[in-house]
Every structure is written in structure tokens, then in C-alpha cells.
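Okay, here's what each chain looks like letter by letter:
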2 protein chains.
Amino acid sequence: MKAEIISIGTELLLGDIPDTNGQYLARKLSELGVDIYFQNTVGDNPKRLSFLLKQALKRSDIVITTGGLGPTVDDITLETIAAFSGNRLILKNKILSGIKKHFRERGLTMPNINKRQAYIPQGATALENKNGTAPAIILEEKGKLLISLPGPPSELIPLFEEKIIPIFKKKFTLKEIILSRTLKITGLAESAVAEKITDLLRLEPPLTLGIYAHTAEVDLKITIKEKNKESAWKKIAKIEKIILGRLGEYVFGKDSETLEACVGKLLRSNKKTISVAESCTGGLISNRITDVPGSSRYFPLGIIAYSNREKTKLLGIPDELIKKQGAVSKEVASLMAENIRKIAPSDIGLGVTGIAGPSGNTLVKKIGLIYIALSSGE
Amino acid sequence: MKAEIISIGTELLLGDIPDTNGQYLARKLSELGVDIYFQNTVGDNPKRLSFLLKQALKRSDIVITTGGLGPTVDDITLETIAAFSGNRLILKNKILSGIKKHFRERGLTMPNINKRQAYIPQGATALENKNGTAPAIILEEKGKLLISLPGPPSELIPLFEEKIIPIFKKKFTLKEIILSRTLKITGLAESAVAEKITDLLRLEPPLTLGIYAHTAEVDLKITIKEKNKESAWKKIAKIEKIILGRLGEYVFGKDSETLEACVGKLLRSNKKTISVAESCTGGLISNRITDVPGSSRYFPLGIIAYSNREKTKLLGIPDELIKKQGAVSKEVASLMAENIRKIAPSDIGLGVTGIAGPSGNTLVKKIGLIYIALSSGE
């Protein structure tokens with residue numbers, strides 16, 4: 001089973017917005033075990049879209065388009081599909097009343113322009129879109145499936161998950177599934193991680209290992225394509241064990257776990273609380289900590305003492321210490337950590353001070369110099 | 001002048017990572033006035049890459065590939081280009097010594113595997129990549145330009161800006177330029193914005209208006225393609241004036257200006273300072289304010305009083321008020337704003353308290369209920 005994605009929209013083609021739909025569909029399709037060989041992006045241009053449709057339906061079993069289903073003149077997906085497949089666009093009264101209802105429920109009258117969205121290619125099936133006015137359209141062409149989804153992710157994602165996936169599962173016997181496990185690493189650079197697992201990075205399908213670097217993190221993704229779920233997980237677990245044996249302490253979590261969620265889990269299981277005194281990070285650290293649901297159990301307080309005056313006033317950092325060592329110093333960071341722990345009070349205090357730039361560079365202390373201190377009372 | 005982009009990498013094709021390079025190149029090319037009709041994504045597969053190269057070189061003048069220039073076996077871009085164009089891969093000693101130098105400067109010895117990156121198609125030109133080991137490769141084929149750039153954005157972007165753009169400017173007479181102006185709107189939903197400018201959204205090239213919705217913001221982007229810069233800006237200014245006439249007070253900034261930068265500009269020009277007392281937002285507001293360079297001039301202090309105890313202790317909110325009105329109430333938000341203003345002290349105080357979820361829902365106060373208070377002393 002081979003699928004192909006066509007993302008339609010001049011704003012995508014010119015790079016005004018990222019093609020998050022293309023990425024989402026690609027990930028979902030490969031999770032389902034559907035092969036993808038090509039993704040294409042094209043503007044709101046009937047001739048070029050027509051060319052891509054023809055090419056895609058020749059080489060793939062399923063073609064999914066996103067975008068171009070809106071009510072305005074530059075939305076050309078359905079009329080292009082109709083022309084290409086030799087079908088007329090016909091008015092579907094059921095769709096039209098659905099669109100009218102959508103506006104009515106919001107206390108609005110349907111603008112005339114939206115009537116356009118009730119015309120679909122003859123022979124096609126429309127799937128109701130409860131989050132917008134453009135339905136999803138499915139057209140079968142010589143055993144191949146052409147699916148058109150609306151561009152807004154808030155409409156496309158529910159339509160795909162609630163309506164398209166069940167159709168796939170019913171229509172096709174998806175023989176193989178793709179499973180994956182991501183191990184998340186911090187504290188080691190990508191190349192240092194790679195060096196320790198060079199042999200594993202050379203694994204060939206159906207079992208592969210990918211390495212991806214992010215800010216302060218490296219992901220190792222084990223992927224397997226197999227018929228049997230149980231044996232697939234066993235094979236993944238084997239690789240996971242080898243990686244943990246080599247990188248153990250640097251692996252902080254897996255799959256969608258974030259560093260802050262793992263920190264939160266540790267705090268909760270140890271029944272500890274943390275408070276944060278930040279300067280240059282301006283609330284970023286507190287915000288990441290509180291992004292975790294349930295963080296109110298272990299995070300009582302954050303103080304962003306952006307000015308030196310506030311460091312003295314609210315965090316009790318002596319004015320003389322700041323004058324002597326500088327606000328960006330080991331001594332000030334340590335005292336920030338200690339004092340915020342006592343002020344809250346919490347079990348752990350974190351103090352962060354540094355030069356974030358763009359100004360503040362000095363001969364001795366450069367932009368990027370950061371002191372991070374942790375006080376546990378011990 | 002027509003260009004086409006081919007993004008290479010199985011991790012892109014399967015949706016593991018977003019194709020930020022494709023978007024970057026598309027935006028840069030259209031700013032340069034180069035037309036783009038297609039973007040393609042393909043995996044690390046020589047046969048399918050070869051197919052795309054052939055198709056792209058037939059219909060476009062410039063073909064840019066990204067990715068697949070690394071040292072590992074799944075990096076197949078150059079050998080595919082060599083095979084496709086009938087050239088051999090030949091070892092370039094200059095590139096090899098550059099790669100060796102790259103490692104030496106980091107106190108490392110070049111792993112043998114990296115020697116692979118010093119082989120380029122015969123007849124091609126290599127451009128030094130100071131941020132990595134893979135050079136950019138340019139091959140001229142019958143008057144057409146095939147450019148291969150490395151995948152990591154930290155290598156691709158400097159190479160494109162410092163080396164490829166100057167080549168374009170020298171080699172091609174780029175007759176038309178594309179200019180744009182984005183007006184940034186907050187406080188109105190996308191549909192409400194659209195209603196006020198329906199006529200302008202129907203403008204046809206070379207002068208168009210696009211509408212894009214983001215969280216809490218709507219962008220209106222005026223784009224023009226013209227030969228003359230001066231007359232292009234005049235035409236943009238005309239549309240801008242019409243939009244401002246209709247949406248005036250909702251337009252807070254333009255182009256890359258952020259809401260927080262505009263707030264900062266207003267504070268600075270009025271010589272006012274602001275401090276923030278946050279609860280459910282957990283540092284997000286302070287962090288957005290301090291993300292603006294120079295914000296230390298107007299932001300002395302933020303307090304994240306996540307627990308009720310801290311609201312009482314640090315922000316002076318009486319325990320009885322919290323008990324009577326609830327921590328999420330108009331009264332508590334107002335007092336948070338007033339007290340943080342006095343504590344800092346600053347000219348303006350902002351108080352935010354609410355129920356962020358996922359837990360905390362009650363019959364009377366639902367998840368999503370937020371109180372925002374501003375205290376100016378007046």
C-alpha cells in the first residue's frame with residue numbers, strides 16, 4: 001500500500017507558513033504501515049495541481065491532498081479534481097444545509113460565497129467536517145483512492161483520525177505496522193552520542209535507529225516495521241537495552257516525555273518541592289516547569305529578579321556582594337538558590353543569573369556566560 | 001527564472017521532523033523574485049531521487065536539494081547526482097584537508113567515514129562550509145543549475161546567504177522583486193478581520209493580500225511582484241492605508257514585530273515600567289516580556305505565586321480574600337496587580353490568575369477561566 005501527499009497552497013509553496021499538515025499525515029500514514037515515497041507541495045494553480053494528481057495516481061494507491069477547499073476563488077482543489085477525473089461538480093444539498101447550520105449556530109447568516117463549498121465532483125463521497133465548512137472528499141478512481149482534506153489543522157486532524165483512518169482499516173488489510181521508541185538524551189552532544197552507537201546507526205530496515213539533535217537534547221529513535229506487534233516490541237526492547245547499557249545516565253526519558261516532565265516525576269516521587277530565582281532567563285525555567293500538568297504540587301514559587309535592585313530587595317542578595325562579584329557570578333547564583341529555597345520555603349532552590357545578550361558583553365564576562373546554582377540545604 | 005526544491009531524507013518523508021529547510025529556501029527564493037512551482041520531499045532512495053532530479057531539471061532552471069550530504073551510507077545525494085549526470089565521483093584533496101582541519105580544530109581526529117564527504121561529482125564546484133564538514137556542491141547541466149546543500153539548518157542557512165545568493169545575483173538578472181508588508185492584528189477573530197476587507201482579499205497578482213491566523217493574532221500580508229522597488233512600496237502603502245482605515249486600533253505592529261516588542265516600545269517611549277504577578281501562566285507572560293532585547297529597562301520584577309500560600313506571603317493577598325472569592329477571582333487578580341506594582345515598585349502592575357487545567361474544573365469556575373488585571377495607580 002503506497003500513499004502520496006500533495007499539499008496545496010501558494011502560502012506553503014512560497015514558504016510563508018510551514019507545511020505542518022504534510023508532516024502530520026506522513027507520520028500518521030507511516031504509523032499505520034502505509035508506505036510513502038513522495039510528498040509534493042504546489043500552489044493554487046489548476047494546471048500544476050492537475051499534473052501532480054495524474055503523476056501521483058499513477059504511482060501510488062492512495063493520494064491525499066490538503067488545502068484548497070475554502071470558499072474563495074483561489075481554492076481550486078475540487079474543480080481541478082473534477083476536471084481531471086472527467087466529472088462535473090454537482091451541488092449537494094445535504095452539504096449546503098450543513099454549512100448553513102454551521103453559520104446559524106454561530107448566530108451568523110451564511111455568506112453567499114460559502115455555497116461554493118457544497119459543490120463536489122460527481123461520484124465522490126463527502127465526509128462531514130464538524131469543525132469547519134469544507135467537508136472531506138473521497139473519490140475512487142480505478143481502485144485508487146483520492147482523498148481531499150481541508151487545510152486548517154483543526155479541521156484536518158479530527159477528520160483524518162475520526163473518519164479516514166477507520167476507512168483505511170476497513171478497506172485495506174494493513175499487513176505491517178510501524179512501531180517506534182524514542183530514547184531522549186541530555187548532557188551529551190550528538191557526535192558523542194553517535195560515537196557510542198555507530199554500529200546501531202548502521203542497522204538496515206526493517207529495524208533502524210535514527211539520531212536527531214535538538215536544543216540541549218539528542219533523540220535516538222528505534223523504528224521497526226513488522227507484522228507481529230509483540231515480536232516487534234521485543235526487538236525494540238533488545239536495542240533499547242543495548243543503548244541504555246552504553247548511554248545509561250544520559251537517557252532521561254522516552255517517546256514524548258519532556259525533560260521538565262521527568263524532573264517533575266522525580267520531584268513527585270521523592271516528595272520534594274522546588275522554587276526558582278531567575279534573572280537572565282526571565283521566567284523561561286519557571287514556565288517550563290509549570291507547563292507540566294500537576295506542577296502546582298511541587299512548584300510553589302518563582303521570582304524573576306530582573307534588576308539588581310530586586311535581587312537585593314526580594315531575594316536578599318547583599319548590594320555589596322553584587323558590587324564586588326557582579327550580578328553574574330557564582331556567589332550571586334548560589335545565594336539566589338539558597339535564599340529562594342528559604343523564602344518559599346521549598347526543599348530545593350534553583351538560582352540562575354547570566355548575560356543573555358544582545359548587550360551586556362564585557363571583557364571579562366561575555367554574552368552567554370551563565371551561572372546555575374542548586375541549593376538543597378545539604 | 002524558475003526554481004524547484006527537493007528535500008531529501010527519510011526522516012522528513014515519514015514526518016519525524018518538519019522540513020524547515022524547504023520553507024526557508026522557498027521564502028528566500030521568492031524574496032529574490034525567483035519563481036517556485038514545486039517543492040518535493042523524498043527519502044534516502046537513489047532511484048526515486050534520480051526520478052525527481054530528472055523531472056526537476058526538465059521543468060526548472062534552478063534545482064536545489066537539501067540533505068543527504070552526510071558521511072553515512074544513507075547519505076546518497078552526491079552519488080545519485082553523479083550517476084544521474086554521468087559524472088564520476090572524484091576525491092578533492094582540498095575538501096579533505098578542510099574536513100580534517102574541522103576535526104583538528106576541535107581536538108579530534110577525522111573518523112575514516114568522513115573521507116566520503118570529500119568525493120564530489122566531476123565538473124562540480126564545492127563551496128566551503130565553515131559550520132560543518134559537507135561542502136555545498138554546484139553542478140551546471142546544460143545551462144541549468146543543480147545546487148546541493150547540507151541538511152542541518154545551521155549549515156544550510158549561512159551557505160545559502162553568504163555563497164549562493166551572491167552567485168544568483170551575479171549569474172542571473174533577477175528582473176522582478178517580491179516585496180511584502182505584514183500588518184499584525186490582535187483582538188479580532190480571523191473571520192471578523194476578513195469581513196472588513198473581503199474586497200482586498202480578492203486582489204489578483206501582482207498585488208495580493210493574504211490572511212493568516214495564529215494564536216491570539218491575525219496577520220494580513222500584502223505582497224507585490226514588480227520591477228521597480230519604489231513604485232512597489234507606493235502600491236503597498238496604498239493598501240496599507242486602506243487596511244489601517246478599516247482596522248486601525250486592532251493593528252498593533254508590522255512585519256516581524258511581536259506583540260511583546262510593541263508593548264516594550266510603548267513602555268520605553270512613555271518611560272514606564274511594568275511588573276508581573278502570575279499564577280496559572282507560570283512565568284509565560286514574564287518570559288515573553290523579557291524575550292525582548294532591552295526589556296531590563298522596563299521590567300524589574302516578576303513573581304510566579306503558583307500556590308495560594310505564596311500569593312499571601314509574597315503578594316500580600318489576604319488569606320480571607322482567597323477563601324471568600326477564590327484564588328481565581330476578579331478581586332484576587334486586581335489585588336495581585338496592585339500589590340506587585342507597589343512591591344517592585346513599578347508604574348504598572350499586571351495580575352493574572354486562572355484555571356489552566358487539566359484539573360481544577362469546578363461547577364462554577366471552568367478550566368479556561370482567567371482574570372487579568374492591570375493596575376496603573378490611576
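Residues numbered from 1 in each chain as written. Chains lettered and ligands numbered in written order. Predicted model: local features only at pLDDT ≥ 70, side-chain atom pairs only at ≥ 80, totals over all residues. Heavy atoms only, no water.

> I keep staring at the sheet that holds strand β1 (residues 2-8) of chain A and nothing clicks. Help me out?
By definition, the strands of a sheet pair up through backbone hydrogen bonds, in either a parallel or an antiparallel sense. Sheet architecture is open: 12 strands sit in the order β6(A)-β7(A)-β8(A)-β3(A)-β1(A)-β2(A)-β2(B)-β1(B)-β3(B)-β8(B)-β7(B)-β6(B), paired in mixed fashion. Edge positions in the sheet fall to β6 (125-127) of chain A together with β6 (125-127) of chain B, since each of these pairs with one other strand and no more. Shown here is a sheet whose adjacent strand axes are inclined to one another by a mean of 15 degrees, direction ignored. Pairing of β6 of chain A with strand β7 (residues 136-141) of chain A involves 3 bridges; the strand directions are antiparallel. Bridging from a neighbouring strand, Leu127 of chain A pairs with Ala136 of chain A of β7 of chain A. Strand contacts of helix α3 (residues 46-59) of chain A: β1, β2 (35-42), β3 (62-66) and β8 (144-149) of chain A together with β2 (35-42) of chain B, with the helix running at about 170 degrees to β1 of chain A, the strand carrying the most contacts. (Pairing = 2+ DSSP bridges. Helix = DSSP H or I, 4+ residues; strand = E, 2+ residues; numbered from the N terminus. Axes fitted to C-alpha atoms, helices over the stretch in contact; angles between N-to-C directions. Contact = heavy atoms within 4.5 Å.)

> Just to check I follow, could you spell out the environment of Leu13 of chain A for this structure?
All names here are of chain A. With respect to the element layout, Leu13 can be found in helix α1 (residues 10-13). By relative accessible area, which is 5% here, Leu13 ends up buried. Taking the C-alpha atoms as reference points, Leu13 and Gly43, 30 residues apart in sequence, are found 5.7 Å from one another. (Buried < 20%, exposed > 50% of the residue type's maximum accessible area, 1.4 Å probe, protein only.)

> I keep staring at unusual backbone geometry and nothing clicks. Help me out?
Negative phi is the rule for most residues except glycine; trans is the rule for most peptide bonds. Of note, the bond from Gly357 of chain A into Pro358 of chain A is cis; its omega dihedral lies within 30 degrees of zero at 0 degrees. Cis rather than trans, the peptide bond between Pro205 of chain B and Pro206 of chain B has omega equal to 10 degrees. Looking at the secondary structure, you find Pro206 of chain B in the loop between α8 (198-201) and β10 (207-214). A positive phi is found at Lys271 of chain A, a non-glycine position, where the angle reads about 50 degrees. Residue classification places Lys271 of chain A among the exposed residues on the basis of a relative accessible area of 73%.

> Teacher, can you tell me more about the relation of the copies chain A and chain B here?
What relates the two chain copies is a rotation about an axis together with a slide along it. Rotating chain A by 180 degrees and moving it 0.2 Å along the rotation axis overlays it on chain B with an RMSD of 0.2 Å. Look at the turn and shift together and you get a two-fold axis relating the two. Most of the interface of chain A is mirrored in chain B, where 100% of its interface residues are also at the interface. (Least-squares fit on C-alpha atoms with pLDDT ≥ 70 in both.)

> What is the right way to look at the pattern of salt bridges in this model?
All names here are of chain A. Scanning all chains against the criterion turns up 38 salt bridges over all chains. The closest approach of N and O atoms between Lys184 and Glu217, which form a salt bridge, is 3.7 Å. Pair noted here: Lys184 is in strand β9 (residues 177-185) and Glu217 is in strand β11 (residues 217-226), with a separation of 33 residues, a long-range link. Through salt bridges with shared partners, one network takes in Lys28, Glu31 and Glu161. (Salt bridge = Lys/Arg side-chain N within 4 Å of Asp/Glu carboxyl O.)

> Is there a simple way to explain the sheet that holds strand β12 (residues 251-254) of chain B in this structure?
Residue and element names in this part refer to chain B. What the 4 strands build is an open sheet, ordered β10-β11-β9-β12; its pairing is antiparallel. The open sheet terminates on both sides in strands that have one partner only, identified here as β10 and β12. Recorded for the sheet is a direction-independent mean angle of 25 degrees between the axes of neighbouring strands. Pairing of β10 with strand β11 (residues 217-226) involves 8 bridges; the strand directions are antiparallel. Note that in β11 the partner of Gly210 across the bridge is Lys221.

> Looking at this model, I keep getting lost on the environment of Trp233 of chain B. Mind explaining?
Tracing the backbone through its elements, the reader meets Trp233 of chain B in helix α9 (residues 229-247). When neighbours within four sequence positions are excluded, Trp233 of chain B is seen to be in contact with Leu179, Ser180 and Arg181 of chain B.

> Explain the packing of aromatic side chains here, please?
How two aromatic rings sit relative to each other is given by the distance of their centres and the angle of their planes. Throughout the structure, instances matching the rule amount to 8 aromatic pairs over all chains. When the centroid spacing of 6.2 Å and the interplanar angle of 90 degrees are considered together, the rings of Phe160 of chain A and Phe168 of chain A count as edge-to-face. Relative accessible area serves as the criterion here: at 0%, Phe160 of chain A is assigned to the buried category. Grouping aromatic residues by their ring pairs yields a cluster made of Tyr24, Phe160 and Phe168 of chain A. Between Arg48 of chain B and the ring centre of Tyr37 of chain A, over which it is positioned, the NZ or CZ distance is 3.4 Å. In this structure, Arg59 of chain B packs its charged tip against the face of Phe38 of chain B, placed 3.7 Å from the ring centre. (Phe/Tyr/Trp six-rings, centres within 6.5 Å; stacked < 30°, edge-to-face > 60°. Lys NZ or Arg CZ within 6 Å of the ring centre and 35° of its normal.)

> What is the right way to read the interface of chain A and chain B from this model?
Size of an interface: often given as the accessible area lost when the parts come together. Counting residues at the interface gives 57 residues for chain A and 57 residues for chain B. Of the roughly 4,800 Å² buried between chain A and chain B on both sides combined, carbon and sulfur atoms contribute 56%. On the chain A side of the interface with chain B, the three residues burying the most area are Gln39, Ile304 and Tyr306 of chain A, jointly 12% of the side's total. With a shortest N-O distance of 2.3 Å, Lys221 of chain A and Asp16 of chain B are connected by a salt bridge. Where chain A packs against chain B, one counts 36 residue pairs in polar contact (both at pLDDT 80 or more). Elements supplying a minimum of two residues to the side of chain A that touches chain B: α1, α2 (20-31), β2, α3, α11 (284-290), β14 (301-305), α12 (308-315) and α14 (330-343) of chain A. (Buried area = accessible area lost by both parts, 1.4 Å probe. Polar contact = N/O pair within 3.5 Å; in protein donor to acceptor, adjacent residues only side chain to side chain.)

> Just to check I follow, could you spell out the side chain of Thr182 of chain B for this structure?
Residue and element names in this part refer to chain B. Within the fold, Thr182 resides in strand β9 (residues 177-185). Note on Thr182: relative accessible area 12%, which makes it buried. Once residues lying within four places of it in the same chain are set aside, the contact partners of Thr182 are Asp219, Leu220, Lys221, Gly253, Lys254 and Asp255.

> Is there a simple way to think about the confidence of the model for chain A in this case?
Residues of chain A with pLDDT of at least 70 account for 100%, and the chain-wide mean is 92. For this predicted complex, the interface score ipTM comes out at 0.71, while the overall pTM is 0.73. (pLDDT = per-residue confidence, 0-100.)

> Looking at this structure, how should I read the nonpolar core?
One recurring pattern in soluble globular proteins is that nonpolar side chains are buried together. If you look at the biggest cluster of nonpolar residues, it comprises 27 residues, and the most contacted ones within it are Leu301, Ile303 and Leu315 of chain A together with Leu301, Ile303, Leu314 and Leu315 of chain B. With sequence-adjacent residues up to four places away left out, Leu301 of chain A is seen in contact with Ser275, Val276, Ile340, Ile343 and Ala344 of chain A together with Ile303, Ile304, Ala305, Glu310 and Leu314 of chain B. (Core = buried A, V, L, I, M, F, W, Y, C linked by side-chain atoms within 4.5 Å.)

> Help me understand the pairing of strand β7 (residues 136-141) of chain B in this model?
Residues and elements named next belong to chain B. Sheet topology places β7 next to strand β8 (residues 144-149); 5 bridges connect them, and they run antiparallel. Residue pairing in the sheet places Ile138 in a bridge with Ile147 of β8. Connecting the antiparallel pair β7 and β8 is a turn made up of 2 residues, with Lys142 showing a positive phi of about 50 degrees.

> How should α9 of chain B be read in this particular structure?
Residues and elements named next belong to chain B. Here α9 contains 19 residues, and its C-alpha end-to-end distance of 26 Å stays within 8% of the 27 Å for a straight helix at 1.5 Å per residue. Check the buried side of α9 and you find it contacts β9, α7 (190-196), α8, β10, β11 and β12. If you check the start of α9, you find a side-chain oxygen 2.8 Å away from the backbone N of Glu230, and it comes from Asn228. (Expected span 1.5 Å × (residues − 1).)

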